[in-house]
Amino acid sequence: MNKKEQIVSKISSFPTLPVMTHRLIKALNDPENAATEIVRIIKFDPALTANVLKAANSSYLGFRRPANSLSEATFRLGTKWIFQIAVSSLIYSNLNRPAAGYDMSGEELWRHSLATALMAESLSSLLKIRDSGLIYTAALLHDMGKIVIGEFIADSFKDIQRIINEKNISFELAEEEVLGVSHTEIGALLAESWHFPSVIADCIRWHHNPDLYPQNEPALDIVHIADATCLMEGIGLGRDDLQYRLSEKAVTRLNLSNNVLEAAISQTLLNLEDVENLFREALPAANVREVKK
Amino acid sequence: MGLQVVGISEIKISYSLDDILITYSLGSCIGVTAYDPVIRVGGMIHYMLPLSQISPEKAAGKPGMFADTGVPELFREMLACGAAKERLIVKVAGGAQLMDQNKFFNIGERNFLILRKILWKNNILIKASDVGGVISRTLRFELETGKVTVKSVKGEVEL
């Protein structure tokens, strides 16, 4: 087996996402019935129901009267909020894992993933892009390939860094050159192996190179810009550091202005603090370690 | 006391000599340290964005998010602790960018530009800085000695 085959063979050992993630995504795609359907799906899982209710009642949100049911929580906080909390807590244990060779702890990878998802959400709402939850989910999962490829990076890091310096190419391209495959492709293959909607796999696959994608896909441009911005702001960096590029064409395609980008950044930081607080309060202590950097 | 972590958009002031103020992972964000060596008061800010005009209500709740609200606030808090403006030693790190970002959405560069304007208006000099490039930085500041160091993948240097 060459390196690429070795890495791809590791995909099967990555923990499968809970099947409810698919059902939630599907439900959100049907706006007319989304609210009732999402509540119905979450209700099936007592642990998830408990998490969502704890999050809804966390001291951070500061309701004087607790929300006693999912329907009440959904009514107060909105379907999308409930969807995001549910998907985030379903995916949390899959993503809070170290990406060894990148020198990223589980907490840092989780923080970067969550920040990118929240940034994507802020951008889509400011740009009035109709988002069915796919963008949030794709952004949350965009770097999961790093967990799989991490152990192979450690040995190859020097070669990757040398190629970056020699050719002035970004990290994922050098990664592909040395290992035969990059974290973006591995992440996409994972999403495909779970039969996720193809737009999620494509957002993951092209998140560093949206211009190579043959169609105009706003979801991809959003995930790309959200990721690049979180890297630029230093939220959850690894050894690959800032060695990535931001596509000017993606910015033009979305007609994104400086002001909107900066408004989204400031909103994202506040949302990130809120959601991190929610997770700290809502999930069992053993599950959540203090977020530090 | 001891290691005091300054998070994104935070301002911290200390006059405890065994304190070390530290901020991690400065990308395009900028970390500024200010020190009055006579009364040994120090402060640090880690701001994200240049101008608060994009969101005055957020700046009201979190002045440390923006250069134009956070940096004056850092100095106000320092002076309130007895520091004298003419004695302040100011050092700066961060303001990095992604690869080949140049002028395009270059928040790091604008962050540094605004900082220089604010300091110039207030007659405060930058004693040392390590800014720009495609590199993230950790800024560390010892209250007892006033020593400021910057750590990155390139190693650790004193400012």
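These numbers were taken from a predicted model, which means no experiment stands behind them.

Right, let's get into the overall build of chain A. When helices and strands are counted, chain A shows 15 helices and zero strands. Its C-alpha atoms give chain A a radius of gyration of 19 Å, within 12% of the compact-globule value 19 Å for 293 residues. Taking all 293 residues of chain A together, the buried fraction comes to 51%. Sequence separation of at least 24 residues holds for 68% of the intrachain contacts in chain A that already meet a minimum separation of 6.

A few words now on the sheet that holds strand 3 (residues 20–26) of chain B. Strand pairing in a sheet relies on backbone hydrogen bonds. The paired strands run either parallel or antiparallel. Residues and elements named next belong to chain B. One open sheet accounts for five strands, arranged 1-3-8-9-10; its pairing is mixed. Strand pairing shows two members of the sheet lacking a second neighbour, strand 1 (3–5) and strand 10 (155–158), which therefore form its edges. Strand-to-strand twist of the sheet, defined as the mean angle between neighbouring strand axes without regard to direction, takes the value 20°. The pairing of strand 9 (residues 148–152) with strand 10 spans four bridges and is antiparallel. For Ser152, the partnering residue across the bridge sits in strand 10 and is Gly155.

Contacts between the two partners involve 25 residues from chain A, matched on the other side by 27 residues from chain B. Only helix 13 (218–232), helix 14 (248–254) and helix 15 (258–282) of chain A provide two or more residues apiece to the side of chain A that touches chain B. Top contributing element to the side of chain A that touches chain B by residue count: helix 15 of chain A, with nine residues. Per-class residue counts for the side of chain A that touches chain B are 13 nonpolar, six polar and six charged.

Residues and elements named next belong to chain B. Most of strand 4 (residues 30–36) sits inside the fold, with seven of its seven residues counted as buried. Of the two faces of strand 4, both are covered, the one formed by Ile30, Val32, Ala34 and Asp36 as well as the one formed by Gly31, Thr33 and Tyr35. Examined bridge by bridge, strand 4 and strand 5 (residues 41–47) share seven bridges and lie antiparallel to one another. The residue bridging Tyr35 from the neighbouring strand is Gly42, located in strand 5. As paired elements, strand 4 and strand 6 (residues 89–94) share six bridges and run antiparallel to each other.

Looking now at the packing of helix 9 (residues 145–167) of chain A against helix 11 (residues 183–193) of chain A. All names here are of chain A. With their axes 8 Å apart at the nearest point, helix 9 and helix 11 run at an angle of 130° to one another. Here helix 9 lies oblique to helix 11, going by the angle between them. The handedness of the crossing between helix 9 and helix 11 comes out as right-handed. Residues Gly145, Lys146, Val148 and Ile149 of helix 9 form the contact with helix 11, whose own contacting residues are His183, Thr184, Glu185, Ile186, Gly187 and Leu190. Across the contact of helix 9 with helix 11, the residue classes tally to four nonpolar, four polar and two charged.

Once that is clear, we can look at the sheet that holds strand 7 (residues 126–131) of chain B. Residue and element names in this part refer to chain B. Taken together, the five strands give an open sheet; going across it, the order is 2-5-4-6-7, and neighbouring strands pair in mixed fashion. The open sheet has two edge strands, strand 2 (11–14) and strand 7, and neither has a second partner. The sheet shows a mean angle of 10° between the axes of neighbouring strands, direction not considered.

How big an interface is tends to be stated in terms of the accessible area lost upon association of its parts. All names here are of chain A. Domains assigned within chain A are domain 1 (18–95) and domain 2 (96–286). On a C-alpha basis, the centres of domain 1 and domain 2 stand 24 Å from each other. Across the boundary between the two partners, domain 1 contributes 18 residues, which contact 21 residues of domain 2. Contributions of two or more residues to the side of domain 1 that touches domain 2 are made by helix 2 (19–28), helix 4 (46–56) and helix 6 (79–95). Its residues assigned to classes, the side of domain 1 that touches domain 2 shows nine nonpolar, eight polar and one charged.

Let us now look at the confidence of the model for chain B. Interpretation of this model should avoid reading the predicted coordinates in detail wherever pLDDT is low. The share of residues in chain B with pLDDT of 70 or more is 99%, and the mean pLDDT across the chain is 95. Predicted as a complex, the structure gets a pTM of 0.93 and an ipTM equal to 0.94.

Conventions and cut-offs
- For every chain, the first residue of the written sequence is number 1, and numbering continues from 1 along that sequence.
- For naming, the first written chain is A and the first written ligand is 1, with later ones following in the order written.
- The predicted origin of the model limits local features to residues at a pLDDT of at least 70 and limits the giving and counting of side-chain atom pairs to 80 or more, whereas totals for whole chains, interfaces and linings rest on all residues.
- Only DSSP runs of H or I with at least four residues qualify as helices, and only runs of E with at least two residues qualify as strands; both kinds are numbered from the N terminus onward.
- Based on C-alpha atoms, the radius of gyration is set beside the globule rule, defined as 2.2 Å times the residue count to the power 0.38.
- Labels follow a simple rule on C-beta atoms placed from the backbone: if 20 or more others lie within 10 Å of a residue's own, it is buried; if 12 or fewer, it is exposed; otherwise it is partly exposed.
- The contact criterion used here is simple: two residues whose C-beta atoms, placed from the backbone, lie within 7 Å are in contact.
- Between any two strands, at least two bridges found by DSSP are needed for them to pair.
- All axes are obtained by fitting lines to C-alpha atoms, using only the stretch in contact for helices, and the reported angles, taken between N-to-C directions, cover 0 to 180 degrees.
- Charged residues are taken to be Asp, Glu, Lys and Arg, nonpolar residues to be Ala, Val, Leu, Ile, Met, Phe, Trp, Tyr, Cys and Pro, and polar residues to be all remaining types, Gly included.
- Roughly parallel means an angle under 35 degrees; roughly antiparallel means over 145; roughly perpendicular covers 65 to 115; every other angle is labelled oblique.
- Definitions for this section: a left-handed crossing has its near helix turned counterclockwise from the far helix by less than a right angle. A right-handed crossing has that turn clockwise.
- These domain boundaries are the output of an automatic or database domain assignment.
- On a scale of 0 to 100, pLDDT captures the predictor's confidence in every residue.

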